[in-house]
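Examination of the molecular architecture
Residues per chain are reported as follows:
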Amino acid sequence: MLDLSNKIRVALAAIILIPVLLYWGFASSPNEGPRTNNSLLHGIDYFVEEATIKEWNSEGKLSRVLNTAKLEHYPNLSLSTLDHPESISVRNDGSKVKLTSNTGTVLDDNNQTNLAGNVIVNDNPDSISATILNTEQLTIYPDKDYAETDEPVKITSQQSILEGVGMDIDFNNRVLNLHSRVEGTHDNAK
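Calculation notes
Residues numbered from 1 in each chain as written. Predicted model: local features only at pLDDT ≥ 70, side-chain atom pairs only at ≥ 80, totals over all residues. Heavy atoms only, no water. Helix = DSSP H or I, 4+ residues; strand = E, 2+ residues; numbered from the N terminus. Buried < 20%, exposed > 50% of the residue type's maximum accessible area, 1.4 Å probe, protein only. Areas by Shrake-Rupley, 256 points an atom, 1.4 Å probe, with all protein chains shown as cover. Patch = residues over 30% accessible without salt bridge, like charges linked within 9 Å, V, L, I, M, F, W, Y side chains within 5 Å. Salt bridge = Lys/Arg side-chain N within 4 Å of Asp/Glu carboxyl O. Lys, Arg positive; Asp, Glu negative; His and termini not counted. Charge placed at Lys NZ, Arg CZ, Asp CG, Glu CD. Contact = heavy atoms within 4.5 Å. Phe/Tyr/Trp six-rings, centres within 6.5 Å; stacked < 30°, edge-to-face > 60°. Lys NZ or Arg CZ within 6 Å of the ring centre and 35° of its normal. Pairing = 2+ DSSP bridges.

Helix and strand counts for the chain come out as two helices and eleven strands. Listed N to C, the secondary structure of the chain is α-α-β-β-β-β-β-β-β-β-β-β-β in terms of helices and strands. By the burial criterion, 28% of the 190 residues in the chain qualify as buried. Here the chain displays about 13000 Å² of accessible surface, and carbon together with sulfur accounts for 55% of that area.

Below, the structure is given as structure tokens:
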């Protein structure tokens with residue numbers, strides 16, 4: 001056998017072992033692929049209990065407060081679910097609209113909110129002239145201050161009761177349209 005000095009033996013061993021060690025260290029086996037966290041793709045990435053979310057308008061005035069027992073965010077659906085949400089919107093004239101329901105969903109871009117289960121819209125909840133709207137489902141477009149439903153609707157005020165199926169409402173202009181099967185009573189007596 002050749003008589004090589006120790007330095008040459010170490011250098012040859014390094015030349016032979018370094019590529020093997022690098023392959024083992026950096027290469028993945030053929031059965032391995034990139035690892036993804038499937039729970040994040042198909043589940044909740046965060047949740048908040050007893051959440052309060054506040055929005056201010058361009059003038060720095062409070063325009064909306066949302067309270068919910070639980071908010072869960074689903075990144076793959078780009079939405080959050082709400083448990084027993086309560087939203088109070090303040091109009092430019094200072095009047096308020098209060099919305100409550102059993103459940104809700106809010107799209108991440110905040111362009112659409114869907115409320116379901118015992119949906120109640122209370123216009124001017126702090127006054128004796130309050131108007132209360134009840135339905136089972138309501139789709140709200142916050143940027144447009146507009147809402148709609150295809151479900152039965154009941155509207156109760158101090159002097160009248162209206163019922164119908166399907167409705168759209170412009171909160172800003174306070175215009176409500178019932179679409180079909182409209183019935184109602186009105187009491188003029190004082």
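With that settled, consider a negative patch on the surface. On the surface, D45, D108, D109 and D143 cluster together into a negatively charged patch. Residue D45 is classed as partly exposed on the basis of its relative accessible area of 35%.

Among the structural elements, N124 can be located in the loop between β7 (113–123) and β8 (131–141). Residues N124 and V90, spaced 34 residues apart in sequence, show a C-alpha to C-alpha distance of 9.7 Å. Aside from chain neighbours lying at most four places away, what touches N124 is R91, S95, K96, A130 and R174.

Below, the discussion takes up the pattern of salt bridges. Under the counting rule described, the total for this entry stands at three salt bridges. Between E86 and K98 there is a salt bridge whose closest N-O contact spans 3.7 Å. With E86 in strand β4 (residues 86–90) and K98 in strand β5 (residues 96–100), this residue pair connects regions lying twelve residues apart in the sequence. Relative accessible area serves as the criterion here: at 28%, K98 is assigned to the partly exposed category.

Let's shift gears to the packing of aromatic side chains. All chains considered together, the criterion is met by one aromatic pair. Above the plane of the ring of F47 lies K70, whose end atom (NZ or CZ) is 5.1 Å from the centre. Geometry around Y141 places K144 over its ring, the cationic atom sitting 5.6 Å from the centre.

On to unusual backbone geometry, then. The phi angle at E50 is positive, at roughly 50°, despite the residue not being glycine. By secondary structure assignment, the location of E50 is in strand β1 (residues 46–56). Judged by its relative accessible area of 64%, E50 is exposed. Here the phi dihedral of N110 falls at roughly 60°; this positive angle occurs in a residue that is not glycine.

All right, on to the pairing of β4 then. Burial of the side chains of β4 is restricted to one face: S87 and S89 are buried, whereas none of E86, I88 and V90 on the reverse face is. Bridging between strand β2 (residues 62–74) and β4 involves four bridges; their strand directions are antiparallel. Considered in β4, the bridge of L66 is made with S87. One ladder, built from five bridges, connects β4 with β5; its direction is antiparallel. In the sheet register, E86 faces β5, and the bridge partner there is T100.

Read these as layout, nothing more, since geometry by itself doesn't imply function.
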